[in-house]
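# Observations on the model geometry
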Amino acid sequence: MPLLKNMPIPFDILQKLSPSQKKEILLLLEEKRLRESKTAQLSRFDFVNKYHMTHKYRKLNFDKRNFLLELYSDTSKKIIVKKAVQVGVSEWALCDALYMCMEMGLSGAYILTKSRLRDDFVAERINPVLQEVPYYHSTIGETNNLGIKQLGKGVLRFLGSNSESEFISFPADFMIIDEVDRCDQTNLALVPDRLQASDYKLERWISNPTVEGMGIDELYQTSDQKEWVLQCKKCKESFVLDWFINVVKEKSGGFYEPRDVEFFEGLKKNLDMYCHLCEEKLDRLSNGIWIANNPKSEISGYTISQLYSPTVELADMWGDFSTSLLNDTKMQVFWNNKLGLAYKAVGSKITPEMLKNCEQQYVLPDYYDGTQSVYAGVDVGSLLHVVIRVKEENEKKLLYCGTVENFTELSELIAQYKIETMVIDMYPEVRKCKEFQEVHNDVVWLADYHRGSTMDEVTYSERLKFVRADRTASIDGVVEDIRKGTFVLPYNSNYLCSKDYYEQLCSSTRIKDATSDKFRWVSTKADHFLHAEVYCRLAEKTVAYPDLAILNSKPRVNLTKEILLNTQFDTRNNLIMKLFQEL
């Protein structure tokens, strides 16, 4: 039977208690002592220093993390933090939420991208802290679930930005929005309404950036735009650390090398950075100062890079950077997640010169009788645009490109070139594609593009023989292969398919979407062969990495031919939802 918090325990009874019951009594006594000793409101920093522990039950350590100290002491009504991943900002946001509830007696909301993520966040990050920290535990009221927690005189709600109903049912004194750029922007527009009746109106906006002028980057521009400034010990120059100035230097052709001439990957573990004026080695973890570039703004803004983090090795960052140079999606991830910067690159495209550099001295064969893995991609329209490639060591060699009029001719190509895997665009001929897949079930996968909240390139379901791929990231992958030189074309490839092959691969340009925070490839001309190459690349991955197709082993009901062929689908998304209900 649970012990009551205020129940006196006689000594004779205490002797009979189990160790776990004695531990509970000690915890309750400590909570009582803390409540009685608390007489005055602590500052934010003192509150954290006195009480807080992380979900791993560790006290916060600000050694070599001096850039966080001002954030923990900031009392501004509105704070904007544009940040890299894993730099300690989410822990600050949690501390600030607990402080405002427990110490100030305020009520508010902590907003995450999705309700499902909210549940995991509360279960894994919040509940352990509230249960194990004695003072926190002593403030928990009667309401204590995944969505709402009564903490002292305050109430803290945890919301998913994808649920509009959660935004319109309560007043708040403060709102903390975590991962702004990945939240539902329509529902975030309701945040000021929730604060309207409060005397406090405290806002915390936190996120990795995406692209310039959108989301957290746009909010940061309205702030005082503080940057963490260090000083060179030798020449006394003050500066903000810059990856492209202090860590790497550009060579010809858009390639880079470390400024640290002693660094060789695999030989020297640590990569050093240097002053751009005197070439003195820099201590990136030394004491600095926050300096505002727009001091007239009343909004407090910070930008934080992994360059200042003691848990991040510059050598690891170099590894990520060097593998991203040929792929715009990977480079954007580096800018956003490692440097904490909005991505700027626009206007990328495939050029005839790039394709010409991929040529080797051979002609396309009429059939294939070799032993290497052959794979194909098909873009579906009034004609079927087909590309077939073979993997020879690190090269992806074109065997065939052309058009066929129907799926019967496509079957002939499977036999003619000994194709192991073929990925087909399932739109607009859903029924015909599915029927074709039934005939060639061991070979054919169906594919669909999607644009999710992340830049994950591809998701495979081996059981369904179905692929979902981010359109922009997938085309970026083709461009990366072209830049690397692994994308092999025959001699005089500019004449392939009456020059349609070149024209369609070069017809698209990578631009920033004016209505969102995403980049996308747009074309004013036919681009069927470009998408056929995308599907071919997806097929190549199933050959190279067959085990990645298994998403999980939970038993599921089969998605049968009858469901796909006899169900009327109103929209494209209805079919996708049907396919992925089980994933």
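Residues numbered from 1 in each chain as written. Predicted model: local features only at pLDDT ≥ 70, side-chain atom pairs only at ≥ 80, totals over all residues. Heavy atoms only, no water.

### Regarding the pattern of salt bridges
Quick reminder of the rule: Salt bridge, as used here, is a side-chain nitrogen of Lys or Arg placed within 4 Å of a carboxyl oxygen of Asp or Glu. Think of it this way: any DSSP run of H or I at least four residues long counts as a helix, any run of E at least two long counts as a strand, and we number them from the N terminus. Categorising residues by exposure relies on relative accessible area from a 1.4 Å probe, with only protein chains included: less than 20% of the type maximum marks a residue as buried, more than 50% marks it as exposed, and the intermediate range marks it as partly exposed.
Summed over the entire model, instances satisfying the criterion amount to 23 salt bridges. Between Asp96 and Arg44 there is a salt bridge, and its shortest N-O distance comes to 2.7 Å. Of the two residues, Asp96 is situated in helix H5 (residues 89-102) and Arg44 in helix H3 (residues 44-51); the sequence distance between them amounts to 52 residues. Of the two residues examined, Asp96 and Arg44, each falls in the buried class. For Asp481, the salt bridge is made with Lys396, and the minimal N-O distance between the two is 2.9 Å. Of this pair, Asp481 sits in helix H17 (residues 471-484) while Lys396 is found in strand E17 (residues 395-404), placing the two residues 85 residues apart along the sequence. Salt bridges sharing common partners tie together Lys330, Lys391, Lys396, Glu480, Asp481, Lys484, Arg537 and Glu540.

### Looking at the pairing of strand E8 (residues 226-231)
Cut-off, in case you're wondering: Between any two strands, pairing holds if DSSP finds at least two bridges.
Relative to strand E12 (residues 289-292), E8 runs antiparallel, the two being bridged by 4 bridges. Across the sheet, Lys226 pairs through a bridge with Ala292, a residue of E12. Strand direction decides the pairing type here: E8 and strand E9 (residues 238-239), joined by 2 bridges, are antiparallel. Bridge pairing in E9 links Gln231 to Ser238. In this structure, the hairpin formed by E8 and E9 is closed by a connection of 6 residues, where Lys236 is found at a positive phi of approximately 65 degrees.

### Looking at the packing of aromatic side chains
Selection rule: Aromatic pairing here means that ring centres of Phe, Tyr or Trp (its six-membered ring) are within 6.5 Å. Orientation follows from the plane angle: under 30 degrees is stacked, over 60 is edge-to-face, and everything else is tilted. By the criterion adopted, a ring carries a charge over it if an Arg CZ or a Lys NZ lies within 6 Å of its centre and within 35 degrees of its normal.
One pass over the full model with this rule turns up 28 aromatic pairs. With a centroid separation of 6.0 Å and 45 degrees between ring planes, the pair formed by Trp318 and Phe321 is classed as tilted. Taken together, the residues Trp318 and Phe321, both in helix H12 (residues 314-322) and 3 residues apart, mark about one turn of the helix. Here Trp318 matches Phe321 in class, with each residue buried. Within the aromatic cluster, the residues linked to one another by ring pairs are Trp243, Phe244, Tyr256, Trp318, Phe321, Phe334, Trp335, Tyr343 and Phe519. Directly above the ring of Phe487 sits Arg389, whose terminal nitrogen or CZ lies 3.9 Å from the centroid. Lying across the ring of Tyr449, Arg471 places its NZ or CZ 5.9 Å from the centre.

### What about the sheet that holds strand E24 (residues 519-523)?
Under the convention used in this document: Any two residues whose heavy atoms approach within 4.5 Å are treated as being in contact. Between the N-to-C directions of two axes lies an angle of 0 to 180 degrees, each axis being a line fitted to C-alpha atoms and, for a helix, fitted only over the stretch in contact.
Spatially, E14-E23-E24 is the arrangement adopted by the 3 strands of the open sheet, whose pairing is antiparallel. Edge strands, defined here as strands with exactly one partner in the open sheet, are strand E14 (348-349) and E24. Bridging between strand E23 (residues 508-512) and E24 involves 5 bridges; their strand directions are antiparallel. Looking across to E24, one finds that Lys512 is bridged to Phe519. The sheet strands contacting H17 are E14, E23 and E24, and the helix crosses E24 at an angle near 75 degrees.

### Some details on the sheet that holds strand E22 (residues 487-488)
Overall, mixed pairing links the 8 strands, which are arranged E20-E21-E19-E18-E15-E16-E17-E22 in an open sheet. Pairing within the sheet leaves two strands with one partner each, and these edge strands are strand E20 (458-461) and E22. Where E20 and strand E21 (residues 466-470) come together, 4 bridges link them in antiparallel fashion. Bridging across to E21, Ser461 finds its partner in Phe466. Against the sheet, helix H16 (residues 430-439) makes contact with strand E15 (374-380), strand E18 (421-425) and strand E19 (444-450), and its axis sits at roughly 145 degrees relative to E19, the strand it touches most. With respect to the sheet, H17 is in contact with E17, E19, E21 and E22, its orientation differing from that of E21 by roughly 85 degrees.

### What to know about the nonpolar core
Our working rule: Only buried Ala, Val, Leu, Ile, Met, Phe, Trp, Tyr and Cys residues count toward a nonpolar core, and they belong to the same one when joined by side-chain atoms within 4.5 Å.
The biggest cluster of nonpolar side chains holds 76 residues, and the ones touching the most others in it are Tyr136 and Trp243. Considering each element in turn, this core owes the most residues, 11 residues, to H5. Setting aside residues up to four positions removed in sequence, Trp243 forms contacts with Val248, Leu307, Leu314, Met317, Trp318, Phe321, Phe334 and Leu339. Listed in part, the 37 residues of the second largest apolar core include Val423, Ala447, Ala469 and Ile475.

### Overview of H16
Definition in use: The arc under discussion is defined with respect to the helix axis, by the directions toward the C-beta atoms.
Of the residues making up H16, those classed as buried are Val430, Cys433, Lys434, Phe436 and Gln437. Taken around the axis of H16, the buried residues stretch over an arc of 160 degrees, which confines them to a single face.

### Details of unusual backbone geometry
Cis peptide bonds are those with omega within 30 degrees of zero, and the linkage from Tyr427 to Pro428 qualifies with 5 degrees. With respect to the element layout, Pro428 can be found in the loop between E18 and H16. Even without being a glycine, Lys201 presents a positive backbone phi close to 50 degrees. Along the chain, Lys201 falls in the loop between helix H9 (191-195) and strand E7 (202-207). Phi angles above zero are rare outside glycine, and Lys418 is one such case at about 55 degrees. Here Lys418 lies in the loop between helix H15 (407-416) and E18.

### Quick word on the pairing of strand E5 (residues 154-160)
In terms of burial, E5 is largely enclosed, as 5 of its 7 residues are buried. Across 5 bridges, the pairing between strand E2 (residues 108-112) and E5 is parallel. Residue pairing across strands places Leu112 opposite Gly160, the latter belonging to E5. Examined bridge by bridge, strand E4 (residues 148-151) and E5 share 4 bridges and lie antiparallel to one another. Considered in E5, the bridge of Leu151 is made with Gly154. What sits between E4 and E5 in their antiparallel hairpin is a turn of 2 residues, with Gly152 showing a positive phi close to 65 degrees.

### Some thoughts on the confidence of the model for the chain
To be explicit about the condition: A residue's pLDDT is simply how confident the predictor is in it, with values from 0 to 100.
Looking at the chain as a whole, the pLDDT averages 85, with 84% of positions reaching at least 70. Below a pLDDT of 50 lies the segment residues 1-7, which in the model reaches 8 contacts outside its immediate sequence neighbourhood of four places, other chains included.

### Comments concerning the environment of Tyr417
Looking at where Tyr417 falls in the secondary structure, it is placed in the loop between H15 and E18. By relative accessible area, Tyr417 is classed as buried at 2%.

### Observations regarding the side chain of Ser286
Where we set the bar: Pairing of N or O atoms within 3.5 Å defines a polar contact, subject to two protein rules: one partner must be a possible hydrogen donor and the other a possible acceptor, and residues neighboring in sequence count only if both atoms are side-chain atoms.
Topologically, Ser286 is positioned in the loop between strand E11 (256-258) and E12. Within the local environment of Ser286, its side chain forms a polar contact with the backbone oxygen of Asp283, the two atoms lying 2.9 Å apart. When sequence neighbours within four positions are dropped, the list of residues in contact with Ser286 reads Trp228 and Leu230.

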